[in-house]
Amino acid sequence: MIQYYRSSSRLSWSLALALTAAVCSSQADVSTSSLPVMTGTQVIDLESKVVGDSFKLYIRPPEVADAKPDATYPVIFTLDGDHTFPQMASIMTQISWAGHVPPAVIVGIGYGTLDLENGNHRSRDLSPQPFPGRPESGGGDQFLSFLLEEVIPFLESKYPIDSEERYLFGHSLGGLFALYAYVEAPETFAGIIAGSPFLKGQLPLLDSIAKQAENAGARSCRLFVSTGGQEDAGFFLNDLPALTDHLESDWAATGSFEVTQLPDFDHFTMVAPSMANGLRFVFLRPIVD
């Protein structure tokens, strides 16, 4: 629930609106280079022949890359990058101080807008199959091809990326797409984080893909799935036991995955803990300086 606080008079309410507008205007003029956690961020428009659309790539190489020109680094792809990229950059910075993650290239894949009616096509791109009432949905296969055939080769030709250390994060529909990538192309990634994946009606498709894949079963790609106990049960929680059964029986190598639930979190407050806990899990190995 969003709470709105009333001012004592119409004058103070108008003043509050004016001050808010002024602050927003000031924030709009702040360059990413003025924010330490965003220093070095580059924004690139990438045309996709596969999808037939243009995407925004938000790219932040690690600061140490300049001092080590011959070194390569893990890359973390974050879906819904228009809003998850800054959060991922901040969380990566914080947990790196504790030694949980190495320096990494962070890449947000987005659209340059959050407007779902005018330019943000997450429903089209992050859904492996069409949803009722959403005629534009079901483009997950094309988006995965875009990621594998266009985004990854483009970035690895221009940035110091270790092709053996690719990671993927997605939340909600992005979490569903992350699971889709896990069953369809697990060899592409060393680790995948599926935060609050949209599961309703999706497991039959995912299991069918997993059984058809050449490397079905015993996936070594590390997978972290997290949800909140306050999320909508029908969309996000009821199918978790079945998902876990699939992972335990024939999808995943022993010890390569974790499915967890935070009881007091809802769908939107789960984004940050999914990132932080998921990154710790997928990078759970000795870090060599």
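Here the structure is a predicted model, which is why all the values come from computation and not from measurement.

A. Structural context of the overall build of the protein. Looking only at helices and strands, the protein has nine helices and eight strands in total. When burial is assessed residue by residue, the protein has 48% of its 289 residues classed as buried. Summarising the internal contacts of the protein: among those between residues at least 6 apart in sequence, 73% fall at separations of at least 24. A total accessible area of about 14600 Å² is found for the protein, and carbon and sulfur atoms account for 54% of it.

B. Structural context of the packing of helix α2 (residues 81-97) against helix α9 (residues 271-282). Between α2 and α9, the shortest axis-to-axis distance is 10 Å and the interhelical angle comes to 45 degrees. The angle between α2 and α9 places the two elements in the oblique class. Crossing angle aside, the handedness with which α2 passes α9 is right-handed. For the pair formed by α2 and α9, the contact residues are T84, Q87, M88, I91, M92 and I95 on the first element and V271, A272, M275, A276 and L279 on the second. Class assignment of the residues belonging to the contact of α2 with α9 gives a composition of nine nonpolar, two polar and no charged.

C. Broad picture of helix α8 (residues 240-251). Taking 1.5 Å of rise per residue, the 12 residues of α8 would be expected to cover 16 Å, yet its terminal C-alpha atoms sit only 14 Å apart, more than 12% below that figure. Here α8 has its buried residues at L240, L243, T244, H246, L247 and W251. Burial along α8 is one-sided: seen end-on, the buried residues are contained in an arc of 155 degrees. With respect to the buried face of α8, the exposed residues turned more than 90 degrees away are E248 and S249. Buried residues along α8 sit in contact with α5 (173-184), α6 (203-212), β7 (222-228), α7 (233-237) and β8 (257-262).

D. Molecular detail of the packing of α5 against α6. Between α5 and α6, the shortest axis-to-axis distance is 8 Å and the interhelical angle comes to 20 degrees. It follows from the interaxial angle that α5 and α6 lie roughly parallel. On α6, the residues that touch L176, L179, Y180, V183 and E184 of α5 are L206, I209 and A210. Residue classes in the contact of α5 with α6 are distributed as seven nonpolar, no polar and one charged.

E. Looking closely at unusual backbone geometry. Positioned with a positive phi, D80 is a non-glycine residue whose angle comes to about 55 degrees. Structurally, D80 can be placed in the loop between β3 (73-79) and α2. Its identity is not glycine, yet S196 carries a phi of approximately 45 degrees, on the positive side. Inspection of the secondary structure assignment puts S196 in the loop between β6 (191-195) and α6. The class for S196 is buried, based on a relative accessible area of 0%.

F. Looking closely at the side chain of S256. Tracing the chain through its elements places S256 in the loop between α8 and β8. Of the polar contacts made by the side chain of S256, one reaches the backbone oxygen of A253; its length is 2.6 Å. Each residue touching S256, except ones within four places of it in the same chain, is listed here: R219, S220, C221, R222, L223 and F281.

G. Highlighting the nonpolar core. Core analysis: the largest hydrophobic core is formed by 56 residues, its most contacted members being F77 and I109. At nine residues, α5 tops the list of elements feeding residues into this core. Setting aside anything within four residues of it in sequence, one finds F77 in contact with V107, I109, L147, V151, I152, L155, R166, Y167, L168, F169 and F189. Membership of the second largest hydrophobic core comes to 24 residues, among which are Y58, A89, M92 and F283.

Conventions adopted
Residues numbered from 1 in each chain as written. Predicted model: local features only at pLDDT ≥ 70, side-chain atom pairs only at ≥ 80, totals over all residues. Heavy atoms only, no water. Helix = DSSP H or I, 4+ residues; strand = E, 2+ residues; numbered from the N terminus. Buried < 20%, exposed > 50% of the residue type's maximum accessible area, 1.4 Å probe, protein only. Contact = heavy atoms within 4.5 Å. Areas by Shrake-Rupley, 256 points an atom, 1.4 Å probe, with all protein chains shown as cover. Axes fitted to C-alpha atoms, helices over the stretch in contact; angles between N-to-C directions. Parallel < 35°, antiparallel > 145°, perpendicular 65-115°, else oblique. Left-handed = near helix turned anticlockwise from the far one by under 90°. Nonpolar A, V, L, I, M, F, W, Y, C, P; charged D, E, K, R; others polar. Expected span 1.5 Å × (residues − 1). Arc of directions from axis to C-beta. Polar contact = N/O pair within 3.5 Å; in protein donor to acceptor, adjacent residues only side chain to side chain. Core = buried A, V, L, I, M, F, W, Y, C linked by side-chain atoms within 4.5 Å.

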